[in-house]
Amino acid sequence: MKIKLLRHINHEKEGRIEFLFVDFPYIDGNELIAKYMKEIFDAKIKEQIDGMFYKVTKVEYDNIECFLVWHEDFGNYGYCIPQTEEYFMKFEKDLKKIFSLIQANNLLWAK
């Protein structure tokens, strides 16, 4: 199954643009993505929050704050700050690169 990104407007979060990770059924997926962001883009993992029904990993690189989220009800998604088209395009391009590596290395279900 190929992982897809779906750009989504979250009206409950003041119209925040988020990227839903479709066909990415991986509870620790945000940690795997953060690891790749660190290795490939020299990103800094700034914070990890492990709640009862969610996990959030905050990553910073190239003047972008990225929030990678797994939520029990919504699955995996991510968003970036600032919320501008320039940063959306970069974040989306970088996520697609990471997803292609995950799929190429068959890491989707890796332990």
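What counts, and where the lines are drawn
Residues numbered from 1 in each chain as written. Predicted model: local features only at pLDDT ≥ 70, side-chain atom pairs only at ≥ 80, totals over all residues. Heavy atoms only, no water. Axes fitted to C-alpha atoms, helices over the stretch in contact; angles between N-to-C directions. Helix = DSSP H or I, 4+ residues; strand = E, 2+ residues; numbered from the N terminus. Parallel < 35°, antiparallel > 145°, perpendicular 65-115°, else oblique. Contact = heavy atoms within 4.5 Å. Nonpolar A, V, L, I, M, F, W, Y, C, P; charged D, E, K, R; others polar. Core = buried A, V, L, I, M, F, W, Y, C linked by side-chain atoms within 4.5 Å. Buried < 20%, exposed > 50% of the residue type's maximum accessible area, 1.4 Å probe, protein only. Pairing = 2+ DSSP bridges.

**Thoughts on the packing of helix α1 (residues 29-41) against helix α2 (residues 85-104)**
Here is step 1 of the chain: Orientation of α1 relative to α2, taken along the N-to-C sense of each, is 105°, at an axis distance of 10 Å. Classified by the angle between their axes, α1 and α2 sit roughly perpendicular to one another. Where α1 abuts α2, its residues L32, I33, Y36, M37, I40 and F41 lie against F91, D94, L95, K97, I98, F99, L101 and I102.
Here is step 2 of the chain: Tallied by class, the residues present in the contact of α1 with α2 amount to 12 nonpolar, no polar and two charged.

**As for the nonpolar core**
Here is step 1 of the chain: Core analysis: the biggest nonpolar cluster contains 27 residues, and F21, I33, M37 and F91 have the highest contact counts within it.
Here is step 2 of the chain: Counting residues per element, the ones that place at least two in this core are β2 (16-22), α1, β4 (54-61), β5 (64-71) and α2.
Here is step 3 of the chain: Once residues within four sequence positions are removed from consideration, M37 is found in contact with D42, A43, V59, Y61, C66, L68, F91 and I98.
Here is step 4 of the chain: By size, the runner-up hydrophobic cluster in this structure holds five residues, among which are V56, F67, Y77 and Y79.

**Details of the sheet that holds β4**
Here is step 1 of the chain: Spatially, six strands are ordered β1-β2-β6-β5-β4-β3 in an open sheet, and the strand pairing comes out antiparallel. Because the sheet does not close on itself, it has two edges, and the strands there are β1 (4-10) and β3 (44-50). On average, each strand axis in the sheet is inclined to that of its neighbour by 20°, with strand direction left out of account.
Here is step 2 of the chain: Pairing between β5 and strand β6 (residues 75-81): seven bridges, direction antiparallel. Of the residues in β6, the one forming a bridge with E65 is I81.

**A few points about the pairing of β5**
Here is step 1 of the chain: Across the eight residues of β5, seven count as buried, placing the element largely inside the fold.
Here is step 2 of the chain: For β4 and β5, the ladder comprises eight bridges, and the chain directions are antiparallel. The partner of K55 across the bridge, within β5, is W70.
Here is step 3 of the chain: Counting the residues in the hairpin turn of β4 and β5 gives two residues, including D62, whose phi is positive at 45°.
Here is step 4 of the chain: Linking β5 back to β6 in an antiparallel pair, the connection comprises three residues.

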